[in-house]
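A closer look at the structure
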Amino acid sequence: MSTADFLDKLLDGAELECVPLEEVATIKHGRDWKHLNEGDIPVYGSGGIMGYVDDYSYDKPTVLIPRKGSITNIFYVETPLWNVDTIYYTEIDEAQMLPKYFYHFICTIDMMSLDTGSGRPSLTQAILNRIQIPIPCPNDPEKSLAIQREIVRILDTFTELTAELTAELTARKTQYKHYRDQLLTFCEDVVEWKTLGEITRIRTGQSINKTMIAANPGKYPVINSGREPLGYFDQWNTDNDPIGITSRGAGVGSVTWRDGKYFRGNLNYSVTIKEPKVLNVRFLYHTLEQFQPQIKQLCTYDGIPALNAGNLVDLTIPLPNLEEQIRIATILDKFDTLTTSLSEGLPREIELREKQYAYYRALLLSFPKPHDMAA
């Protein structure tokens, strides 16, 4: 069924009118919260919940829209809340528009295109007030709300499923950490302990930057100062050497894993096993993941965060026999696949549900309408 056919069936001949936001909702500023006592009412800023207080600025269903900062963060809240001056709340005329309907619609708007800030992103009331809101059957409020309610019902089905999967993912990550800590905790006199310098070679990758990548695009991921690729390059310098540790920047000390061929940048140390018959690569990866707190302690944070390879080589890790390493790694790999894999496992399911929600949101809310902004 085409978008037009789907909407025609939903509207069932009803008219559609696009009205400025200011006709169906009032945008309200937030206020300071430092004078309030601690309580159980959430305080929202543009980044989300900042704390909890004993008073509220609004106690009806509302959509929160950032005034400055993270202006793409839109929140739907049904319970009492306090909002600070970095985020607006909306008083919605529920005789014309359901708050949840407005939330789903506003999520289709490219907020960055409405940015009026010269530095930090910001949204003004004047700009937001001119956003055109599609109201089905405006001359029949009861029918209009019924149509809106059906749209909300369909879209909520996807968001609720995503929320359930996300909660499941959180539980599985906790379970993984529990088993990892249990399986990788050894008494000092039960297994041999070796320094990282004794069992691996630690080397710095090659210099690269975004300009070089842009000039030479290719298929090989570039792993540099974070776990995710900086971009994709036309050259590779690493093959079958998957473990790395970020050496500088915001992600300093993070353990990275990348299969196959890729380009290792100069902000990522390779951690290469010297003798595969002594040390299993997946066992080493899980061990380094468990040792993240110790690795972070080796980092310096004066100026640009950095990790010195000379300190890293002295990190001591347990070394049970190879058979035991493989057994432990096999168990932990099952949890790791479930909690991190983008081709299978929960992250993949969540990604698919989010795409499905975005598709149906566009399908249900792509009413014929004028430009988002009034002239």
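Coordinates for the structure precede this section.
Below or above, wherever it landed, is the structure these notes cover. Going along each chain's sequence as written, the residues are numbered from 1 onward. Restriction of local features to residues with pLDDT of at least 70 applies here, the model being predicted, together with a cutoff of 80 or more for giving and counting side-chain atom pairs; totals for whole chains, interfaces and linings are based on all residues. Based on all heavy atoms of the structure, the side-chain values leave hydrogens and waters out of the count.

A patch consists of residues whose relative accessible area exceeds 30% and which take part in no salt bridge; residues with like charges are grouped when within 9 Å of each other, and nonpolar side chains (Val, Leu, Ile, Met, Phe, Trp, Tyr) when within 5 Å. Using the Shrake-Rupley algorithm and a 1.4 Å probe, accessible areas are obtained, with residue cover drawn only from the displayed protein chains. Within this document, salt bridges are pairs made up of a side-chain nitrogen of Lys or Arg and a carboxyl oxygen of Asp or Glu, the two lying within 4 Å of each other. Charge assignment in this entry is limited to Lys and Arg as positive and Asp and Glu as negative, and neither His nor the chain termini are counted. For this purpose, a charge sits on NZ of Lys, CZ of Arg, CG of Asp or CD of Glu. Taken together, the side chains of Glu15, Glu17, Glu22 and Glu23 make up a negatively charged region of the molecular surface. Within the secondary structure, Glu23 sits in the loop between strand S1 (16-20) and strand S2 (25-28). Numbering of helices and strands runs from the N terminus, with a helix taken as a DSSP run of H or I at least four residues long and a strand as a DSSP run of E at least two residues long.

On to the pattern of salt bridges. Note that side chains of opposite charge can pair when their charged atoms are close. What the rule picks out here adds up to 13 salt bridges. In this structure, the salt-bridge partner of Arg180 is Asp181, at a minimum N-O distance of 3.5 Å. Judged by its relative accessible area of 9%, Arg180 is buried. Residue Lys194 pairs with Glu192 through a salt bridge whose shortest N-O separation is 3.2 Å. If you follow the salt bridges from partner to partner, you end up with Lys177, Arg180 and Asp181 in one network. Type-normalised accessible area, obtained with a 1.4 Å probe on protein chains alone, sets the label of each residue: buried when under 20%, exposed when over 50%, and partly exposed for intermediate values.

Another aspect to go through is the pairing of strand S15 (residues 243-246). Neither face of S15 is left uncovered, since the one carrying Ile243 and Ile245 and the one carrying Gly244 and Thr246 both have all their residues buried. Think of it this way: DSSP has to see at least two bridges between two strands before they count as a pair. Inspection of the sheet shows S15 paired to strand S16 (residues 255-257) by three bridges, in the antiparallel sense. For Ile245, the partnering residue across the bridge sits in S16 and is Val255. Taken together, the three bridges between S15 and strand S18 (residues 268-273) define a ladder with antiparallel strand orientation. By the bridge assignment, Thr246 is partnered in S18 with Asn268.

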